[in-house]
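Here are the chains, one letter per residue:
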Amino acid sequence: MAVLDILAFPNPRLRNKSVDVEEHENMRGVVNNMVETMYTHQGVGLAAPQIGIRKNLIIFDPSDDMSKLTAMVNPIIKAKDGEVYTNEECLSVPNMKARIKRSKNIKVRYKDLDGDTITKDFSGFESICIQHEMDHLKGKLIIDYIAS
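An account of the accompanying structure is given in this report. It should be emphasised that the depicted structure is a prediction, and the values quoted were computed from it without experimental measurement.

1. Regarding the overall build of the chain
Then, in step 1: Along the backbone of the chain there are three helices and five strands.
Then, in step 2: Counted from the first residue to the last, the chain has its helices and strands arranged as α-β-β-β-β-β-α-α.
Then, in step 3: Over its C-alpha atoms the chain spans a radius of gyration of 14 Å, differing by no more than 12% from the 15 Å that the globule rule assigns to 148 residues.
Then, in step 4: Projecting the C-alpha coordinates of the chain onto the three principal axes gives extents of approximately 40 × 30 × 30 Å.
Then, in step 5: The buried share of the chain, taken over its 148 residues, is 45%.
Then, in step 6: Entry remark: accessible area of the chain is about 8,100 Å², with carbon and sulfur atoms responsible for 46%.

2. Focus on unusual backbone geometry
Then, in step 1: Of note, the amide linkage connecting Phe-9 to Pro-10 takes the cis form, showing an omega dihedral of 20°.
Then, in step 2: With a phi close to 55°, Gln-42 is a non-glycine residue in the positive phi region.
Then, in step 3: On the basis of relative accessible area, Gln-42 is assigned to the exposed category, the value being 73%.
Then, in step 4: The backbone phi angle of Met-66 is positive, close to 60°, even though this residue is not glycine.
Then, in step 5: Locating Met-66 in the fold gives a position in the loop between strand S2 (57–60) and strand S3 (70–90).

About the criteria used
Residues numbered from 1 in each chain as written. Predicted model: local features only at pLDDT ≥ 70, side-chain atom pairs only at ≥ 80, totals over all residues. Heavy atoms only, no water. Helix = DSSP H or I, 4+ residues; strand = E, 2+ residues; numbered from the N terminus. Rg over C-alpha atoms; globule rule 2.2 N^0.38 Å. Buried < 20%, exposed > 50% of the residue type's maximum accessible area, 1.4 Å probe, protein only. Areas by Shrake-Rupley, 256 points an atom, 1.4 Å probe, with all protein chains shown as cover.

So, in structure tokens, the structure goes:
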């Protein structure tokens with residue numbers, strides 16, 4: 001595994017939209033490097049575009065003990081419910097916090113690293129992490145919430 005460089009704002013590559021991971025693509029090596037990078041930088045989530053890979057791939061671990069690591073390939077939010085305001089930070093926008101309105105509960109369809117399709121409900125901090133990382137897949141950053 002390797003600790004990768006995280007792209008930082010204003011790097012224009014952070015604004016690129018990602019593309020789906022194809023079924024034949026094995027993302028395990030990329031995910032292993034993303035995990036090492038995220039934990040080294042004390043993050044709770046990381047999206048592939050943050051390391052310069054334009055793929056719909058995110059990881060997150062909202063636990064304090066590194067026990068809830070989840071990788072999502074081609075995630076899609078299928079349903080949203082409720083609202084919550086959060087104060088978020090981002091590894092790609094260091095030294096900044098932004099107050100962001102997110103959905104409190106979400107239903108996400110994604111593939112795991114074995115290629116199995118999963119549909120699962122998320123709430124609380126997990127929901128926020130997923131929404132934050134999925135913003136990166138669309139080229140959106142926390143600073144965009146400040147400007148709107």
